[in-house]
Amino acid sequence: KKVLVYLYPQFREVEVMTTLSIIGKKYEVLPFSLLPGTVTSECGLLMQPTIKMKNISPMDYEMLIIPGGKQAFTQGNPRLLHLLQVFNRENIKIAAIGNGAVILGRAGILNGRSFTVSLHEEEMIKAGNWLNGTIQSKQIVEDKNLLTAKSHAYIDFGLTIGDRLQCFDGLE
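These remarks concern the structure in this document.

## Comments concerning the overall build of the protein
1) Next: Helix and strand counts for the protein stand at five helices and 11 strands.
2) Next: Computed over C-alpha atoms, the radius of gyration of the protein comes to 15 Å, within 12% of the 16 Å expected from 2.2 N^0.38 for 172 residues, which places it in the range of a compact globule.
3) Next: Principal-axis analysis of the C-alpha atoms places the extent of the protein at approximately 45 × 40 × 30 Å.
4) Next: For the protein, with 172 residues in total, the buried portion stands at 51%.
5) Next: A separation of at least 24 residues holds for 69% of the contacts in the protein among residues at least 6 apart in sequence.
6) Next: As presented, the protein carries roughly 8,300 Å² of accessible surface, and 50% of it is formed by carbon and sulfur atoms.
7) Next: Side chains of the protein carry 18 positive and 16 negative charges; the gap between the two charge centres is 6 Å.

## Things to note about the pairing of strand E10 (residues 140-143)
1) Next: Taken together, the four bridges between E10 and strand E11 (residues 146-149) define a ladder with antiparallel strand orientation. Across the sheet, the residue bridging to Ile 140 is Ala 149, located in E11.
2) Next: Hairpin connection from E10 to E11: two residues lie between these consecutive antiparallel strands, with Lys 144 at a positive phi of about 55 degrees.

## A short note on helix H1 (residues 14-23)
Every α-helix winds through 3.6 residues per turn, so residues three or four apart in the chain are directed the same way.
1) Next: When we look at burial in H1, the residues that qualify are Glu 15, Val 16, Thr 19, Leu 20, Ile 22 and Ile 23. The arc enclosing the buried residues of H1, seen along the axis, measures out at 160 degrees, which places them on a common side.

## Regarding the packing of H1 against helix H5 (residues 154-164)
1) Next: Interaxial distance between H1 and H5 falls to 8 Å at its minimum, and their mutual angle equals 30 degrees. Taken together, the axis directions place H1 and H5 in an arrangement best described as roughly parallel. For the pair H1 and H5, the sense of crossing is right-handed. Contacts between H1 and H5 pair Val 14, Glu 15, Val 16, Thr 18, Thr 19, Ile 22 and Ile 23 from the former with Tyr 154, Ile 155, Phe 157, Gly 158, Leu 159, Ile 161 and Gly 162 from the latter.
2) Next: Broken down by class, the residue content of the contact of H1 with H5 amounts to nine nonpolar, four polar and one charged.

## Some thoughts on the sheet that holds E11
1) Next: What the seven strands build is an open sheet, ordered E5-E2-E1-E6-E7-E11-E10; its pairing is mixed. Taken across any chain shown, the strands that pair with only one partner, and hence form the sheet edges, are strand E5 (51-52) and E10.
2) Next: In this structure, strand E1 (residues 2-6) lies alongside strand E6 (residues 63-66), joined through three bridges in parallel fashion. Within the sheet, the bridge partner assigned to Leu 4 lies in E6 and is Leu 64.

## A few points about a nonpolar patch on the surface
1) Next: The grouping of Ile 155, Leu 159 and Phe 168 at the surface amounts to a nonpolar patch, some 240 Å² of accessible area in total.
2) Next: In this fold, Leu 159 is placed in helix H5.
3) Next: The partly exposed category is assigned to Leu 159, whose relative accessible area is 40%.

Calculation rules
- Residues numbered from 1 in each chain as written.
- Predicted model: local features only at pLDDT ≥ 70, side-chain atom pairs only at ≥ 80, totals over all residues.
- Heavy atoms only, no water.
- Helix = DSSP H or I, 4+ residues; strand = E, 2+ residues; numbered from the N terminus.
- Rg over C-alpha atoms; globule rule 2.2 N^0.38 Å.
- Buried < 20%, exposed > 50% of the residue type's maximum accessible area, 1.4 Å probe, protein only.
- Contact = heavy atoms within 4.5 Å.
- Areas by Shrake-Rupley, 256 points an atom, 1.4 Å probe, with all protein chains shown as cover.
- Lys, Arg positive; Asp, Glu negative; His and termini not counted.
- Charge placed at Lys NZ, Arg CZ, Asp CG, Glu CD.
- Pairing = 2+ DSSP bridges.
- Arc of directions from axis to C-beta.
- Axes fitted to C-alpha atoms, helices over the stretch in contact; angles between N-to-C directions.
- Parallel < 35°, antiparallel > 145°, perpendicular 65-115°, else oblique.
- Left-handed = near helix turned anticlockwise from the far one by under 90°.
- Nonpolar A, V, L, I, M, F, W, Y, C, P; charged D, E, K, R; others polar.
- Patch = residues over 30% accessible without salt bridge, like charges linked within 9 Å, V, L, I, M, F, W, Y side chains within 5 Å.
- Salt bridge = Lys/Arg side-chain N within 4 Å of Asp/Glu carboxyl O.

Written out as structure tokens, the structure reads:
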């Protein structure tokens, strides 16, 4: 069983570390990026993608996770957006935290859906054209195969994903 994590320059690693710690016990976690080589996170960690985007077959995965980060607004590569659309069309779980939901919006996945996002007012204006769903002010919002979370809800994000992926089955 496998889970994908999208890495991009200055992604906010703190938002997904709890999640990766929880799911890493039962799932193979495969980070990928659009760019070759290591990806530097917001706090300067160097992360090495382990799978090339061209080798991703969505049906091989249980979930795709998208962290937020300063560069979320710039993540509009057509190959990435197409990959997200395929995951969504195949009803495979997609989880985004913080402003990672902006990337889902750019892919058109939020249309007619409920979601949450962490954006400052000026960022909300910049992302407004992409956020064509119903923004909720909750910490975690689930709508069909989508799970979105506020940036500061990273622990609940990890616990919710762990629950949805049955990582706690058999634990007391």
